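# Report on the structure
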Amino acid sequence: MLPGSRRLRVSGDSLSVRELLAVVESGVFYWRQRLDESEGVAREQAAAAIKELSRILDSLAQQLVAGREMVQITSRLPSTRVAPLACAICGRGNRANAKYCIACGSPMRLGEKSAPRPPPKLSLAVAARTDVGMARKVNEDTCYSGEFTTADGKIGTLLLVADGMGGHAAGEVASQLASETIKAELKESLSAGVPATDEDWHALMRQAALKANERIYTQSRAMGGRGMGTTLTMALVAGRRTHIAHVGDSRAYLINPGGVGEGGPWTQLTADHSLVARLVDIGQLTPEQARVHPQRNMIYRSLGTDPTVDVDTLSQALAPGDVLLLCSDGLEIHVEDAELSQIVIDEPNEAHACERLIALANQRGGKDNISVIIARMRT
Ligand code: CA
């Protein structure tokens, strides 16, 4: 987590070397402070982190020497979705040449012979679990799932994962504050009106996230502590659509046995705001190296560390059989995307699927707190 107004924009297919360098520099600054303030093992850890970051700094400086201000993104994390053709019945994106919808089976080009089928009735089955893991003493994650009612009487679902950070249980305070503030903000704004467009949903969620940011930032200063913050990944499911707001390195995945990603049943909907994700982007690390990298915890966007924050938003159509999975990084460091999606597909009971995922992460060391929410569109 990096206090200080570092901005890193990832747009199009390139990344500014200078912006990335500034992020690494603030990481060095953070660890230098830790070096001054701590003793024993913590000092050794800080020294090792500075060494690792210096290596990254050096290789970025070499890029500048070679005249590269912008580096081309080679292998983006997450994989971008290649499903441009929307099904007229269920809304699922399909490949450009699809004959039948991958999700609901309706013909993609409705001819004279086939009358359009009415869309199947859907309901959302949700389970959420959080676990302290095997290595930590406290669980600083907060996860929440619950229903909300809009001003027109329709019922939707809010899913939220917040992964708190900061010493002396400050992370716990930050993630709970995020969850409570967002629930209260959304309840108020959704009872006052119904968002008409995706952009309206995004504005509403962004506003709630900014309010949470403000409250955590104020609380952090009041406690005299530095560096209290939290990630936030939340999804509002309204009818056949979900709207997502995201800051940090918790994740939202879309999973469907029929396939939603580049040749796989899963796609990561959110981009991690972490240093290692950007190093993967520019080809300095492989995704496998990123998962075990010593600086994998370094995130450059979080709620509560700065007076304001950039919030990513997106919307996604949900088709029959689709699963939305939200998780904190405690799951993803131990369980690969392919395994994760396979368990969700194999296990029809959402609560059991959450428990199996947590058990697997714990079996492999449970280095961090683990939170998982699974929401499946059932027919
Ligand atoms: Ca974590």
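Each value, and the rule that gives it
Residues numbered from 1 in each chain as written. Predicted model: local features only at pLDDT ≥ 70, side-chain atom pairs only at ≥ 80, totals over all residues. Heavy atoms only, no water. Helix = DSSP H or I, 4+ residues; strand = E, 2+ residues; numbered from the N terminus. Buried < 20%, exposed > 50% of the residue type's maximum accessible area, 1.4 Å probe, protein only. Contact = heavy atoms within 4.5 Å. Pairing = 2+ DSSP bridges. Axes fitted to C-alpha atoms, helices over the stretch in contact; angles between N-to-C directions. Phe/Tyr/Trp six-rings, centres within 6.5 Å; stacked < 30°, edge-to-face > 60°. Expected span 1.5 Å × (residues − 1). Polar contact = N/O pair within 3.5 Å; in protein donor to acceptor, adjacent residues only side chain to side chain. Salt bridge = Lys/Arg side-chain N within 4 Å of Asp/Glu carboxyl O. Donors = N, O, S within 2.8 Å, 3.2 Å for Na, K, Ca; no water.

## Some remarks on the overall build of the protein chain
On a plain count of helices and strands, the protein chain comes out with nine helices and 15 strands. Looking at the protein chain as a whole, 51% of its 379 residues are labelled buried. Pairs at least 24 apart in sequence give 71% of the contacts found in the protein chain among residues at least 6 apart.

## Here we look at the sheet that holds strand β14 (residues 323-327)
Strands sit in the order β5-β15-β14-β11-β12 across an open sheet of five strands; the sheet is antiparallel. Two strands in the sheet have a free side with no partner beyond their single neighbour: β5 (123-131) and β12 (266-268). For this sheet the average axis-to-axis angle between neighbouring strands, irrespective of direction, equals 15°. Bridge analysis of strand β11 (residues 251-255) against β12 gives three bridges, and the strand direction is antiparallel. Counterpart to leucine 254 in the pairing with β12 is threonine 267.

## Things to note about the packing of aromatic side chains
Note on aromatic pairs: each is described by the distance of the centres and the angle between the planes. Counted according to the given criterion, the structure contains two aromatic pairs. Here tyrosine 30 and tryptophan 31 contribute two aromatic rings whose centre-to-centre distance is 5.2 Å and whose plane-to-plane angle is 80°, an arrangement assigned as edge-to-face. The class for tryptophan 31 is buried, based on a relative accessible area of 12%.

## Some remarks on helix α9 (residues 350-363)
With 14 residues, α9 extends 20 Å from end C-alpha to end C-alpha; this agrees with the ideal 20 Å at 1.5 Å per step. Every buried residue of α9 is listed here: Glu350, Ala351, Ala353, Cys354, Leu357, Ile358, Leu360, Ala361 and Asn362. Summarising the contacts, the buried residues of α9 are in contact with β5, β14, α7 (329-332), α8 (337-346) and β15 (370-378). The backbone nitrogen of alanine 351 has a side-chain oxygen 2.9 Å away, supplied by the residue at the start of α9, namely asparagine 349. Immediately downstream of α9, the backbone of glycine 365 shows phi near 120°, a positive value.

## Details of the pattern of salt bridges
Inspection of every chain in the model, using the stated rule, returns 18 salt bridges. One salt bridge in this structure joins arginine 296 and aspartate 329, with 3.4 Å as the shortest N-O distance. Placement of the pair is arginine 296 in the loop between α6 (287-292) and β13 (312-317) and aspartate 329 in helix α7, with a sequence separation of 33 residues. Neither arginine 296 nor aspartate 329 differs from the other in exposure class; each is buried. One salt-bridge network, held together by shared partners, links Arg251, Asp272, Arg296, Asp329, Glu332 and Asp337.

## Points about the coordination of the calcium ion
Looking at the calcium ion, one finds its protein donor set to be Asp163 (OD), Asp163 (OD), Asp329 (OD) and Asp368 (OD), positioned 2.2 to 3.0 Å from the metal centre. For aspartate 163, a relative accessible area of 6% corresponds to the buried category.

## Focus: the pairing of strand β6 (residues 141-149)
As judged from the nine bridges shared by β6 and strand β7 (residues 155-165), these two strands associate in the antiparallel manner. Residue pairing across strands places phenylalanine 148 opposite glycine 156, the latter belonging to β7. The turn linking β6 back onto β7 is made up of five residues, and glycine 153 within it adopts a positive phi angle of 85°.

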